[in-house]
Amino acid sequence: MTTKPHQPLISLCMIVKNEADNLARCLRSARGAADEIIIVDTGSTDATRSIARSFGARIIDYPWNGDFAAARNAGLALAQGTWILVLDADEELDPGSRDELLVCAKHTEYEAFFVRIHNHQGMERASQTLTVNPILRMFKNRPNYRFSGIIHEQIAASIVQETPAAAMHMSTVIVHHYGYADGVVERKDKISRNLGLLKQQLEESPGDAFQHFNLAVEYMRLGDYGQALEHIGTSLNLAEPGTSYIHLLYKYKVRCLAVTGDYPAALEACGQGSSLFPDYPDLHHLKGALLLQVSALAEAKAALCRALQIGASPPLYHTESGLGTYLTHTLLGQVCQQIGEDHEAAACFTRAAQLQPEPWLLIPRLTRLFKCTGREPELHGWLAGQLPGILTEQRQELLRLLVRDGCYTAAADMLEGGVGSGVAAGEMDAAIQSADEIDGVMQDAGAVDVTAQSAGEIDSVMQDAGAVDATAQSAGEIDGVMQDAGAVDATAQSAGEIDAGVGAGAVDDAALEVPPSADLLKLLQRAEAASAAELSYDDITGLLNHPAVNPADGNTSLPLSAIAAAVQPLILLADKVLAALVTSAIYSPAAAAARLTLPLPRSTD
């Protein structure tokens, strides 16, 4: 055991089995925070034990008996620290949180601390965070504080039972979790294992609200939303007021009802949850997504603006990355676009891109909006002022996207180095001068009182609508599915548009370096000026196959497959025809709507 002067000791307690791929990263992250490491090994056959020894861990052999709590408690019994810190092998303490954890340890007036678990899509800290969950992970080392539950074991109930007045603090310590990364759940067959243990637990304790909640989650991962709803209802009936996960029960109830197509019931559940948790942005976002599905656009806008007014979720709630921030801005942009508020839509998509960890994902939607609303000459200047990183870091990718989506004016502006139509770089639309004013647009739009709408009013706007897509295979994916739902384009934009730009992140700049081509510029200017009747299939093909757009070595994140190469010219010719019809008073609305449904270039083409 290492010691730090005047610092209460922290014992890191873990249970592991065959975690050689993850354990070193976890233990390395705890260096400088944990004074001792106690590892309960339940039967590893790989290098787990030798890795643990290399970090000075004390290893306890504990044959697996199907009881997670019993295994946890075997480690607690030997801990000597003032505090118990619990981590899993597929987690790591954020480097920036180590000092905060040590500060927490000095506050012995508390009995326990919650940390923020960031569930990642990938296996690295830099990968996208799908969900954030507050979980109790550090608590006083007392003999009577022990875990309960053979699966999803908990310590909080024991602490409250032994110390009814226990003070617990919600810290901002971050722990990164990779157990729900793509393929991990399937590889470890977690769902099957969890279902068996949870059913066993409920046979012994049928009135356990928490295990009914956990069973509902597993059924959601399996796509059995009927069974999930049954257990959600049971858990809501059994849970004591103030139980920490009730807000999540309402959220999952909304999701399950939406997936089954019962939008009135889903909206009713949204209202119930929001009345109990008015500062929970996720429920307001979901309400906006549901109202958009049934074309109640004014109400959808009000709900989304309420979510944006709250912003990122308060620490005590389980949340999803982007709800209350960039995903909500994206969805509000879609609502504004449908209403016909194009300037607000552009502001929303831009703000979403500014906040989005991968801003490129919003660029196809933003460029399409500028093109279809007659503002394409402003696009280059807008990007230069609002999203300069796109122009500097992904310039060649942007050029390819613009050409493949028929934004010839903007593409020509890029090649010329100009900003188009006299708009100076950095100059914005007069209605939206800065990011602060973009947010102001959202605040003003949020003046509509969402909560004033009665269940009857909500029901009155319900219409038949297509089923919301839901494929939730893991807890990470369950939470991720409404990120997708938040990005569903109610204007019937194709899957190609939804997928646009995915994987179009940072690439090898040297390999992509293509100098501005006078030849390409000439082709762009001709295509820009020509009418649909003057352009031919071969004209468009020549643009798409130009070396600056479609390199011979294929080194681009927007490659053209054989099918796309044949179809894309036809799409762009159709766009030219529709653009001409937009000038007609008779055909304008239909033509404008049709242009927005044309598929965007995809990374999978």
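Here, the structure is the one placed above.
Here the structure is a predicted model, which means the values were calculated and not measured.

Undergrad: Requested: an account of the overall build of the chain, with residues and values cited.
TA: When its secondary structure is counted, the chain shows 29 helices and nine strands. Among the 605 residues that make up the chain, the fraction classed as buried is 55%. Considering only contacts within the chain whose residues lie at least 6 apart along the sequence, 72% involve residues at least 24 apart. Surface exposure of the chain reaches about 24,200 Å², of which carbon and sulfur atoms provide 53%.

Undergrad: Before we move on, could you go through the packing of aromatic side chains and cite the residues and values that matter?
TA: Here the structure, examined in full by the defined rule, presents 11 aromatic pairs. Between Phe210 and Phe213, the ring centres sit 6.1 Å apart and the planes meet at 35 degrees, which makes this aromatic pair tilted. One end of the pair, Phe210, and the other, Phe213, are both in helix α8 (residues 209–222), three residues apart, so they sit about a helical turn from each other. On the basis of relative accessibility, which here comes to 8%, the residue Phe213 falls in the buried class. Members of the aromatic cluster, connected to one another through ring pairs, are Phe210, Phe213, Tyr245 and Tyr252. In this structure, Arg375 is placed above the aromatic ring of Phe370, and the distance from its NZ or CZ to the ring centre is 4.5 Å. Cation over ring: Arg375 sits above Trp382, and NZ or CZ is 5.6 Å from the ring centre.

Undergrad: Report on the side chain of Gln211, specifying residues and quantitative values.
TA: Relative to the helices and strands, Gln211 is located in helix α8. Here Gln211 falls in the buried class, since its relative accessible area comes to 2%. Reaching out from Gln211, the side chain makes a polar contact with the side chain of Asn214 at a distance of 3.1 Å. Those residues in contact with Gln211 that sit more than four places away from it in its chain are Gly149, Ile151, His152, Leu198, Gln201 and Leu202.

Undergrad: So what about the state of the cysteines? Which residues, and what values?
TA: Across all of its chains, the model carries zero disulfides by this definition. The thiol of Cys336 is not disulfide-bonded; the next cysteine sulfur, from Cys348, is found 4.5 Å away.

Undergrad: Explain the environment of Leu130 to me, using residue names and the numbers behind them.
TA: Position of Leu130 among the secondary structure elements: in strand β7 (residues 129–140). You can call Leu130 buried: its relative accessible area is 9%. Leu130 sits 50 residues away from Tyr180 along the chain, and the two C-alpha atoms are 9.5 Å apart.

Undergrad: Explain the packing of helix α19 (residues 395–404) against helix α20 (residues 408–416) to me, and be specific about the residues and the numbers.
TA: The contact between α19 and α20 brings their axes to 8 Å, and the two run at 150 degrees. With respect to their mutual orientation, α19 and α20 come out roughly antiparallel. Helix-helix and strand crossings are classified by hand; for α19 and α20 the assignment is left-handed. Of the residues in α20, those in contact with Arg395, Leu398, Leu399, Leu402 and Val403 of α19 are Tyr408, Ala410, Ala411, Met414 and Leu415. By residue class, the composition of the contact of α19 with α20 is nine nonpolar, no polar and one charged.

Undergrad: I'd like to hear about the pairing of strand β1 (residues 10–16), residue by residue, with values.
TA: Burial within β1 is extensive, with seven of its seven residues counted as buried. Of the two faces of β1, both are covered, the one formed by Ile10, Leu12, Met14 and Val16 as well as the one formed by Ser11, Cys13 and Ile15.

Undergrad: Can you lay out the nonpolar core for me, pointing to particular residues and giving the numbers?
TA: Membership of the largest hydrophobic core comes to 124 residues, with the highest contact counts inside it found for Phe139, Leu398 and Leu524. The greatest single-element share of this core, amounting to 10 residues, is contributed by helix α10 (residues 246–259). Leu23, Ile51, Ala57 and Trp83 belong to the second largest nonpolar core, which has 31 residues in total.

Undergrad: Tell me what's going on with the environment of Thr108, and back it up with residues and numbers.
TA: The residue Thr108 is located in the loop between α4 (98–106) and β6 (112–120) in this model. On the accessibility criterion, Thr108 (39% relative accessible area) is partly exposed. Measuring from C-alpha to C-alpha, the distance between Thr108 and Ala167 comes to 10.0 Å, with 59 residues separating the pair along the chain. Those residues within four positions of Thr108 in sequence are excluded, and the remaining contacts are Pro8, Trp83 and Lys140.

Undergrad: Any chance you could break down the side chain of Glu320 for me, citing the residues and the numbers?
TA: On the secondary structure map, Glu320 appears in strand β9 (residues 319–320). A polar contact of 2.7 Å, which involves the side chain of Glu320, links it to the side chain of Lys251.

Undergrad: Can you explain helix α13 (residues 297–310)? Please cite residues and give values.
TA: Taking 1.5 Å per residue as the helical rise, α13 with its 14 residues ought to reach 20 Å, and the 20 Å between its terminal C-alpha atoms agrees with that figure. A large share of α13 lies buried, amounting to 10 of its 14 residues. Here α13 has its buried residues at Leu297, Glu299, Ala300, Lys301, Ala302, Ala303, Leu304, Cys305, Ala307 and Leu308.

Undergrad: Run through the pattern of salt bridges, naming residues and quoting values.
TA: Summed over all chains, the structure comprises 20 salt bridges. Linking Arg221 and Glu218 is a salt bridge whose minimum nitrogen-to-oxygen distance equals 2.7 Å. You can see Arg221 and its partner Glu218 sitting in helix α8, three residues apart, about one turn around the helix. Like Glu218, Arg221 is buried. The network of salt bridges with common partners includes Arg368, Lys371, Asp405, Asp575 and Arg595.

What counts and what doesn't
Residues numbered from 1 in each chain as written. Predicted model: local features only at pLDDT ≥ 70, side-chain atom pairs only at ≥ 80, totals over all residues. Heavy atoms only, no water. Helix = DSSP H or I, 4+ residues; strand = E, 2+ residues; numbered from the N terminus. Buried < 20%, exposed > 50% of the residue type's maximum accessible area, 1.4 Å probe, protein only. Contact = heavy atoms within 4.5 Å. Areas by Shrake-Rupley, 256 points an atom, 1.4 Å probe, with all protein chains shown as cover. Phe/Tyr/Trp six-rings, centres within 6.5 Å; stacked < 30°, edge-to-face > 60°. Lys NZ or Arg CZ within 6 Å of the ring centre and 35° of its normal. Polar contact = N/O pair within 3.5 Å; in protein donor to acceptor, adjacent residues only side chain to side chain. Disulfide = S-S within 2.5 Å. Axes fitted to C-alpha atoms, helices over the stretch in contact; angles between N-to-C directions. Parallel < 35°, antiparallel > 145°, perpendicular 65-115°, else oblique. Left-handed = near helix turned anticlockwise from the far one by under 90°. Nonpolar A, V, L, I, M, F, W, Y, C, P; charged D, E, K, R; others polar. Core = buried A, V, L, I, M, F, W, Y, C linked by side-chain atoms within 4.5 Å. Expected span 1.5 Å × (residues − 1). Salt bridge = Lys/Arg side-chain N within 4 Å of Asp/Glu carboxyl O.

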